[in-house]
Amino acid sequence: MGDQHASAQAQPATANLDELRDLARRLRREVLIMTTEAGSGHPSSSFSAVEILTQLYFGGILRYNPQQPHWPDRDRFILSKGHAAPILYAVLAEAGYFPKDELKTLRKLGSPLEGHPNMRRLPGVEASTGSLGQGLSIGLGHALAARLDGRDYQVYVMLGDGEIEEGQVWEAAMAAANQKVGNLIAIVDNNRYQQTSAVSKVTDPALYDDKWAAFGWKVLEIDGHDLEQVRDALIAARDEKSGPVVIIAHTIKGKGLKIFEEDYTWHGRALPKDKLAEALEELG
Amino acid sequence: MNLGTEVGLKMGKATRDAFGEALRDIGRENPAVVVVDGDVSNSTRTEWFGKEFPDRFFDVGIAESNLVGVASGLAANGKIPVAASFAAFLLCNAYDQIRMGVAYPHLNVKLVGSHAGISIGEDGPSQMAIEDVALACALPGVVVLVPADEHAARAATRAMIAYDGPTYLRVGRPNVPVVYDENVQIEIGKAITVREGGDVTIIANGLMVAAALDAAARLAGQGIEARVLDMHTVKPLDEAAVAAAARETGGIVVAEEHLHHGGLGSVVAMAVARLHPCRMGFVDLDDTYAQSGTGEELLREYGLTADRIVEEATRIVRGG
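This structure is a prediction, so every number in the text was calculated from the model and none was measured.

All names here are of chain A. On the surface, a cluster of negative charge is made up of E261, E262, E278, E281 and E282. For the negative patch, the element with the most residues is helix α10 (residues 276-283), which contributes three residues. For E278, the position within the fold is in helix α10.

Across all of its chains, the model carries 12 aromatic pairs over all chains by this definition. Ring centres of W170 of chain A and W212 of chain A lie 4.7 Å apart, and the angle between their planes is 45°; on these two criteria the pair is classed as tilted. Within this pair, whereas W170 of chain A is found in helix α6 (residues 167-179), its partner W212 of chain A is found in helix α7 (residues 208-214), the two being separated by 42 residues in sequence. Each member of the pair, W170 of chain A as well as W212 of chain A, carries the same accessibility label: buried. Ring geometry for F86 of chain B versus F89 of chain B: centroids 5.3 Å apart, planes at 5°, classification stacked. A residue is classified by how much of its surface remains accessible, and F86 of chain B, at 7% relative accessible area, is buried. Taking the relative accessible area as the measure of exposure, F89 of chain B reaches 22% and is therefore partly exposed. A connected cluster of aromatic rings, assembled from ring pairs, spans Y57, F58, Y64, F77 and Y97 of chain A.

All names here are of chain A. In space, the five strands of this open sheet follow the order β1-β2-β3-β5-β4, with parallel pairing throughout. Edge positions in the open sheet fall to β1 (76-79) and β4 (218-223), since each of these has one partner strand only. Averaged over neighbouring strand pairs, the angle between their axes works out to 20° when direction is ignored. Lying over the sheet, helix α5 (residues 135-149) contacts β1, β2 (155-160) and β3 (184-190), oriented at roughly 175° with respect to β2.

What follows concerns helix α6 (residues 95-103) of chain B. Here α6 of chain B has its buried residues at Q97, I98, M100, G101, V102 and A103 of chain B. At its buried positions, α6 of chain B is contacted by α6 of chain A together with α4 (64-75), α5 (87-93) and β5 (110-114) of chain B.

The next subject is the nonpolar core. Counting 142 residues, the largest nonpolar core has Y57 and W212 of chain A as its most contacted members. No other element matches helix α4 (residues 85-95) of chain A, which puts nine residues into this core. Formed by 67 residues, the second largest nonpolar core is a distinct cluster that contains F57, V82, L145 and L219 of chain B.

Moving on to the pairing of strand β10 (residues 200-204) of chain B. Residues and elements named next belong to chain B. For β10, the buried fraction is high: five of the five residues fall into the buried class. The alternating pattern of β10 places V200, I202 and A204 on one face and T201 and I203 on the opposite face, and all of these are buried. Pairing geometry for β10 and strand β11 (residues 226-230), over five bridges, is parallel. When the sheet's bridge partners are listed, T201 is paired in β11 with R227. Handedness of the β10-helix α9 (residues 208-221)-β11 crossover: right-handed. As defined by bridge partners, β10 adjoins strand β13 (residues 251-259) across four bridges and the pair is classed as parallel. The residue of β13 that forms the bridge with A204 is A255.

Calculation criteria
Residues numbered from 1 in each chain as written. Chains lettered and ligands numbered in written order. Predicted model: local features only at pLDDT ≥ 70, side-chain atom pairs only at ≥ 80, totals over all residues. Heavy atoms only, no water. Patch = residues over 30% accessible without salt bridge, like charges linked within 9 Å, V, L, I, M, F, W, Y side chains within 5 Å. Areas by Shrake-Rupley, 256 points an atom, 1.4 Å probe, with all protein chains shown as cover. Salt bridge = Lys/Arg side-chain N within 4 Å of Asp/Glu carboxyl O. Lys, Arg positive; Asp, Glu negative; His and termini not counted. Charge placed at Lys NZ, Arg CZ, Asp CG, Glu CD. Helix = DSSP H or I, 4+ residues; strand = E, 2+ residues; numbered from the N terminus. Phe/Tyr/Trp six-rings, centres within 6.5 Å; stacked < 30°, edge-to-face > 60°. Buried < 20%, exposed > 50% of the residue type's maximum accessible area, 1.4 Å probe, protein only. Pairing = 2+ DSSP bridges. Axes fitted to C-alpha atoms, helices over the stretch in contact; angles between N-to-C directions. Contact = heavy atoms within 4.5 Å. Core = buried A, V, L, I, M, F, W, Y, C linked by side-chain atoms within 4.5 Å. Right-handed = clockwise from strand over helix to strand, strands pointing away.

Limitation: the analysis is restricted to geometry and does not speak to function.
Take a look at the structure:
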């Protein structure tokens, strides 16, 4: 394959926290603009994941090359909480997988930027997701393929805290620990709210670390909006080779926009057009 | 099992056994082939592959949803994963995972469901897949294969691996009569004419092909020459063979070890309605679950017999 020796440095990367913070701000704006233009989508579920994806893709953690989306040695990122597609699309466009212009086609007929990620239509999307609970199993398949092929890529899977109510997540957690995959990293975007209520009304998020640890995973717990903590955790997880690692990232659903932060019922709703200008001003 | 005896068919191996042997053989030729099983490898027979290729064999435990997801991830990396379990658990338990991880992204996952149909016998309905073909056919772009005997199962296993795309292979638990010799080839989407005839056509798959041959022999005794088609591929259907059968024989009986709704009968009937309407009859499981018993007893109890095929064929020929 011609792209076996593609450079791992093809992606834009910076360790400068101010630059990353500014990038995070711009990505939130992109998410808001595209979902408002689409008239639907999940901007608040995207906002809680912004710092994590910013650091992963642009802080020099993830190894990828937008010119060669199927480069066999690339690290994989799977967005298991597929409804946060807008932030993934904003990140992929920023990384150069496709022109930023396409972001405004979100959810429109003919656009590869579907409501939830479709790996067949959009370069950089590693799995078709949107039915919750499935990404970690798929990630485990990627991790095992690396072992079979003698490759050293990492597999990152982002899950929602509501999502891990799905039993399949724990099937995958058990199997991954049993397989001792040192290249599988789960990131729980612990934004505390699911579609119709606080997650705490349904399960007990306080027990998350205990649960993952009991399933044989190494657990890291961080503030998911603190870029330094995110970076340190991603590096620590990457460097852990003995088995799978989960990063529980405490986040705020809708982080950055007051109207989202104060009301979880914005899940699955776009900001109306008449509120966009004011919201963009708030985001800066 | 009292199938194919009237035409002198000898009892052979179970289709799951032939699948397991073929898979092990293919494993020696093709290093991309890997297996994901869920604690039933001694039933699905993937253990024979697993013993020879332990590094390419993953038992993920009793967790079919995860099993299919893992297979999806492996396929995304160019592996040819065989995702195997009991057909009932694979299709019914992990259907959404198959939808999202296999069919929708059109990944090269080879789904294999064993212990399909009611002929598994004593274990009863919880273990019997009677709806798996309908479910598999409802997945866009997925090839659905139901081999009739051990030789067809080996050939179908080879065809499935050679094909680039998602497939579902249905195999059974009990030993079944040998319809073919070892040279039989399974071409996906191409029915095999097992018996020529111009008065009526019996379209069957799985172990009902042997029953269809018994029925054809009995019909011949009444002066009715039945064509027998082995429709080993339910999807994509060999519509040309179905249309020719309708046109040339004027009536079709479909026989399958599956529920009436959504199986081979439904698929053939849709093609007949569109291409060349003719009289039809159906020998299948009619909107019911079976029960425990021997496989042979159950096939008789639920009417999956040569007798019923003969009844339907004579009704059609007489214009009833």
